Amino acid sequence: MIDLSHVSVWVFDMDDTLYPREQGLMQLVQARINAYVVEAVGLDPASARVLQRQFLDEHGTTLAGLMANYTIDPEHFLHDVHDVPMDSLEPNPRLAEQLMRLPGRRFVFTNGAREYAGRVLDRLGVTGCFDGVFAIEDADLTPKPAPSTFRHVIERFGFEPRQAAFFEDTPRNLEPAKALGMTTVLIGDGHGKALGDHIDHIAPDLLDFLTDLTFKDAAA
């Protein structure tokens, strides 16, 4: 049995965490990011994809890599790459029910843009489930897994890390959370990346994980 009796703050990544990866929203964003890199850097699509993967590994996001190596307008980038339809995203009233069952406060912590995060949460039908959203603009464009950004989230929302659980689909983004004392939950298969002892729990699906929690497992 999973013991989350100490948890009173619930922090969730958004993309491919609050909804299943199979719904394909991030594929649409990814395609727009690739197109942006082609245009901004002047590479062919295949070379742009290689560069983007390098930026993700070295900087956490494509935007951070572009800002470190090229002159671009970050505001224009965020608007352009997140300008995708939400049709593939399925509203999830069951998720809203399970989120509202969680005792304590609930937050979203995303590397996505603020306006995009609002659209995603509205589409899912979970906006009212959260006490706050921390988007990439709130991090001064410094993405996860930067430890400073995690500390910024903690300061912004005012919580004790050891009383918090963090849910995320990218294994390395759980490392700074664990180092700060949070309980870490990997949602999904980790995208084929190496796992590690910084991951406390692994759940194929967030909704199933939350549904299996009982009130005696989670603190009021």
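Note that the structure is a prediction, hence the values are computed from the model and not measured.

Q: Got a minute to help me understand helix α6 (residues 114-124) in this structure?
A: Three- or four-residue spacings in an α-helix give side chains the same orientation, since the helix completes a turn every 3.6 residues. For α6, the complete set of buried residues consists of Y116, A117, V120, L121 and L124. Taken around the axis of α6, the buried residues stretch over an arc of 130°, which confines them to a single face. Opposite the packed face of α6, turned more than 90 degrees from it, sit the exposed residues E115 and D122. Check the buried side of α6 and you find it contacts α1 (25-41), β2 (105-109) and β3 (132-134).

Q: Sorry, what's going on with the sheet that holds β3 here?
A: Sheets are built from strands that pair by backbone hydrogen bonding, the pairs being arranged parallel or antiparallel. With parallel pairing, the six strands of this open sheet are ordered in space as β3-β2-β1-β4-β5-β6. Each edge of the open sheet carries a strand with a single partner, namely β3 and β6 (201-203). The average undirected angle you get between the axes of adjacent strands in this sheet is 20°. In the sheet, β2 pairs with β3 via three bridges, with the strands oriented parallel. Considered in β3, the bridge of V108 is made with V133. The sheet contacts of helix α7 (residues 147-157) involve β2, β3 and β4 (164-168), and relative to β3 the element is tilted by about 160°.

Q: Please explain unusual backbone geometry as it appears in this structure.
A: Among all residues except glycine, the phi angle is most often negative; among peptide bonds, the trans geometry is most common. A cis amide bond, omega 10°, links K144 with the succeeding residue P145. Among the structural elements, P145 can be located in the loop between β3 and α7. With a phi close to 60°, D16 is a non-glycine residue in the positive phi region. In this structure, D16 sits in the loop between β1 (9-12) and α1. Since its relative accessible area comes to 12%, D16 is described here as buried. The phi angle at D140 is positive, at roughly 55°, despite the residue not being glycine. Here D140 lies in the loop between β3 and α7.

Q: Even after reading the chapter, I still don't get the nonpolar core, so can you show me in this structure?
A: Side chains that are nonpolar tend, in soluble globular proteins, to be buried together. Core analysis: the biggest nonpolar cluster contains 51 residues, and L18, Y116 and F167 have the highest contact counts within it. Residue contributions to this core peak at six residues, all from α1. In this structure, V9, F107, F109 and I154 belong to the second largest nonpolar core, which totals 18 residues.

How each quantity is defined
Residues numbered from 1 in each chain as written. Predicted model: local features only at pLDDT ≥ 70, side-chain atom pairs only at ≥ 80, totals over all residues. Heavy atoms only, no water. Buried < 20%, exposed > 50% of the residue type's maximum accessible area, 1.4 Å probe, protein only. Helix = DSSP H or I, 4+ residues; strand = E, 2+ residues; numbered from the N terminus. Arc of directions from axis to C-beta. Contact = heavy atoms within 4.5 Å. Pairing = 2+ DSSP bridges. Axes fitted to C-alpha atoms, helices over the stretch in contact; angles between N-to-C directions. Core = buried A, V, L, I, M, F, W, Y, C linked by side-chain atoms within 4.5 Å.

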